[in-house]
Amino acid sequence: MLSTGLNLPEELQGYHTLVPLEGSGAGVERRKLGNWYSTVYRAIRSSDGMPYALRRIENYRLTRQAAFAAIEVWSRIEHPAIITVKEAFTTRSFNDNSLVVVHVYHADAETLFEKHIKAKPPTVQTHFGGRSSQVLHANLPTLLPERTLWSYVVQIASAIKKVHDVGQAVRMIDASKILVTGKNRVRISSCGIVDVLMHDMHQDMGHLQQEDLTMFGRLIFALCCNNVAASSAPHFQKSMEFMGRNYSPDVKNAALFLISKSGPHRSIDQLLNIIQGKVLAEMDEALHATDRLEHELLSELENARLVRLLCKFGFINERPEFAREPRWSETGDRYIIKLFRDYVFHQVDENNNPVINLAHVLACLNKLDVGTDEKIMLVARDEQSCLVVSYKDIKLCVESAFK
Ligand SMILES: Nc1ncnc2c1ncn2[C@@H]1O[C@H](COP(=O)(O)OP(=O)(O)OP(=O)(O)O)[C@@H](O)[C@H]1O
Ligand SMILES: [Mg+2]
């Protein structure tokens, strides 16, 4: 069953409403993932109504069910810098044999490639006072700040450590397969896919983990030099010079350690030793960020308290339909609440103009919420009567009226 237009299945193994997250068709340059073309879709899972990212590998024929064993292992790996793998299945719903691997969906994600490496389209700039009023200006990618680079490196290193520690290899560490969400948060996407695609190759895990480190080193080169081929032979010398000029020697050391083929076995632990200063800096930053968030949340908590109080007022005040009911009479508790409402919101100045003073409102509501002993004088609108009551008394009135 194919929906018209995009030619996508309406329903796919419990997922619906497929939307491609990347262009396809004529005019779109497509890169292959190994030997295969792939497309990522956002789709809703019927069982929980949540969005997921489905990567479809075109024209893939599953030979043995055992190829899915790695998906099981991956689905148990949870790490803040790894996009969790949910499941994988084959399907004929796209009118071919496709493999689909489902990952957790992260809204507003951008790949590292799109964000930092891809040349941006030229923009039109207007020059005032110059000869030409419009100049086409190619946006050269800007240099990635070293602090951001280290933040990425530490997050990715931590993810690789997690994966290697459970005896797996990431197998795809590439600028186009790492997503940036929010401020400087990176996550490795597409885990598990290569394991299924290359299942028949029976590669040695130790070797694959070494490959991870090499790919990680290449990624650092690519990010520093805005070029995915920065560490390959024809560019290598130039890239080294460029990094030497623009980054601290620590960056070059880490990247060289990762891509070096000679010497004893490299391990992610060795890298973490080399960059331990940066790891601590990242942790400090993360703690600061949590403190800031907690601070922000506290004031939101305050707001929530006041909103609840205001809602109670909304329920209680002005219910003329109950005017004759003794429990709502203008002489009892409810009257105090009404006068208090006037005191908070409806004060007027000597010219009878409304006083709009938010600070007064907030102070009153906060005192009411706490129920302080402070006394205030409430005056009737006709100024014929007045009452002296404490916030504590008013709080009790509000509570009983609401109940
Ligand atoms: N788990 C996910 N959550 C949200 N968006 C995702 C997810 N995975 C991928 N995307 C988005 O889907 C788009 C396509 O991803 P993809 O990995 O195919 O990148 P690409 O640039 O097309 O690389 P390639 O050329 O190798 O296909 C990207 O813009 C990416 O941000
Ligand atoms: Mg793609």
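The name that an unreviewed UniProt entry assigns to the protein is Protein kinase domain-containing protein, with the source organism given as Collybia nuda. In its Subcellular location (unreviewed entry) section, the UniProt entry covering the protein states "Cytoplasm".

The subject of this paragraph is the overall build of the protein. A tally of helices and strands in the protein yields 12 helices and 15 strands. Here the C-alpha radius of gyration of the protein, 32 Å, is well above what a compact globule of 403 residues would show, namely 22 Å. The principal-axis extent of the C-alpha atoms belonging to the protein is close to 95 × 55 × 55 Å. For the protein, with 403 residues in total, the buried portion stands at 39%. For the protein, the exposed area adds up to about 23,600 Å²; of that, 54% sits on carbon and sulfur atoms. When the 47 positive and 47 negative side-chain charges of the protein are each reduced to one mean point, those points stand 6 Å apart.

This part is about the packing of helix α9 (residues 276-316) against helix α11 (residues 358-370). One can describe the packing of α9 onto α11 by two numbers: an axis separation of 10 Å at closest approach and a directional angle of 85°. With respect to each other, α9 and α11 are oriented roughly perpendicular. Mapping the contact onto sequence places Arg305, Leu306, Leu309, Leu310 and Phe313 in α9 and Leu362, Leu365, Asn366, Leu368 and Asp369 in α11. Here the residues of the contact of α9 with α11 sort into 7 nonpolar, 1 polar and 2 charged.

A few words now on a nonpolar patch on the surface. On the surface, a nonpolar cluster with roughly 300 Å² of combined accessible area is contributed by Leu280, Met283 and Leu287. Secondary-structure assignment places Leu280 in helix α9.

Note that side chains of opposite charge can pair when their charged atoms are close. Scanning the model with the defined rule gives 18 salt bridges in all. Of the charged contacts, one joins Arg76 and Glu72 as a salt bridge, the two residues approaching to 3.4 Å between their closest N and O atoms. Two residues, Lys403 and Glu399, come together in a salt bridge whose shortest N-O distance is 3.9 Å. Three or more residues are tied together by salt bridges with common partners; here these are Lys161, Asp165 and Asp269.

Before going further, it helps to spend a moment on the coordination of the magnesium ion (ligand 2). Donor atoms from the polypeptide that bind the magnesium ion (ligand 2) are Glu22 (OE) and Glu22 (OE), placed at 1.9 to 2.7 Å. Among the secondary structure elements, Glu22 is positioned in the loop between β4 (15-20) and β5 (38-45).

Running from N to C, helix α10 (residues 333-345) and α11 cross one another at 145°; their axes reach a closest spacing of 8 Å. Contact with α10, carried on its side by Phe340, Tyr343, Val344 and Phe345, involves His360, Val361, Cys364 and Leu368 of α11 and no other residues of that element. Split by residue class, the contact of α10 with α11 holds 7 nonpolar, 1 polar and no charged.

Looking now at the site of ligand 1. Around ligand 1, a shell composed of 16 residues is seen, among which Glu22, Arg31, Arg55, Val104 and Lys177 lie nearest. Separating an oxygen atom of ligand 1 from a side-chain N or O atom of Glu22 is a distance of 2.5 Å. Note that an oxygen atom of ligand 1 is positioned 3.3 Å from one of the backbone N or O atoms of Ala109. Taking 620 Å² as the accessible area of ligand 1 by itself, protein coverage stands at 90%. Within the shell around ligand 1, the residues separate by chemical class into 8 nonpolar, 3 polar and 5 charged.

Scoring rules and cut-offs
- Residues numbered from 1 in each chain as written.
- Chains lettered and ligands numbered in written order.
- Predicted model: local features only at pLDDT ≥ 70, side-chain atom pairs only at ≥ 80, totals over all residues.
- Heavy atoms only, no water.
- UniProt positions renumbered as here; feature names shortened; annotations may be inferred.
- Helix = DSSP H or I, 4+ residues; strand = E, 2+ residues; numbered from the N terminus.
- Rg over C-alpha atoms; globule rule 2.2 N^0.38 Å.
- Buried < 20%, exposed > 50% of the residue type's maximum accessible area, 1.4 Å probe, protein only.
- Areas by Shrake-Rupley, 256 points an atom, 1.4 Å probe, with all protein chains shown as cover.
- Lys, Arg positive; Asp, Glu negative; His and termini not counted.
- Charge placed at Lys NZ, Arg CZ, Asp CG, Glu CD.
- Axes fitted to C-alpha atoms, helices over the stretch in contact; angles between N-to-C directions.
- Parallel < 35°, antiparallel > 145°, perpendicular 65-115°, else oblique.
- Contact = heavy atoms within 4.5 Å.
- Nonpolar A, V, L, I, M, F, W, Y, C, P; charged D, E, K, R; others polar.
- Patch = residues over 30% accessible without salt bridge, like charges linked within 9 Å, V, L, I, M, F, W, Y side chains within 5 Å.
- Salt bridge = Lys/Arg side-chain N within 4 Å of Asp/Glu carboxyl O.
- Donors = N, O, S within 2.8 Å, 3.2 Å for Na, K, Ca; no water.
- Near = heavy atom within 4 Å.
- Polar contact = N/O pair within 3.5 Å; in protein donor to acceptor, adjacent residues only side chain to side chain.

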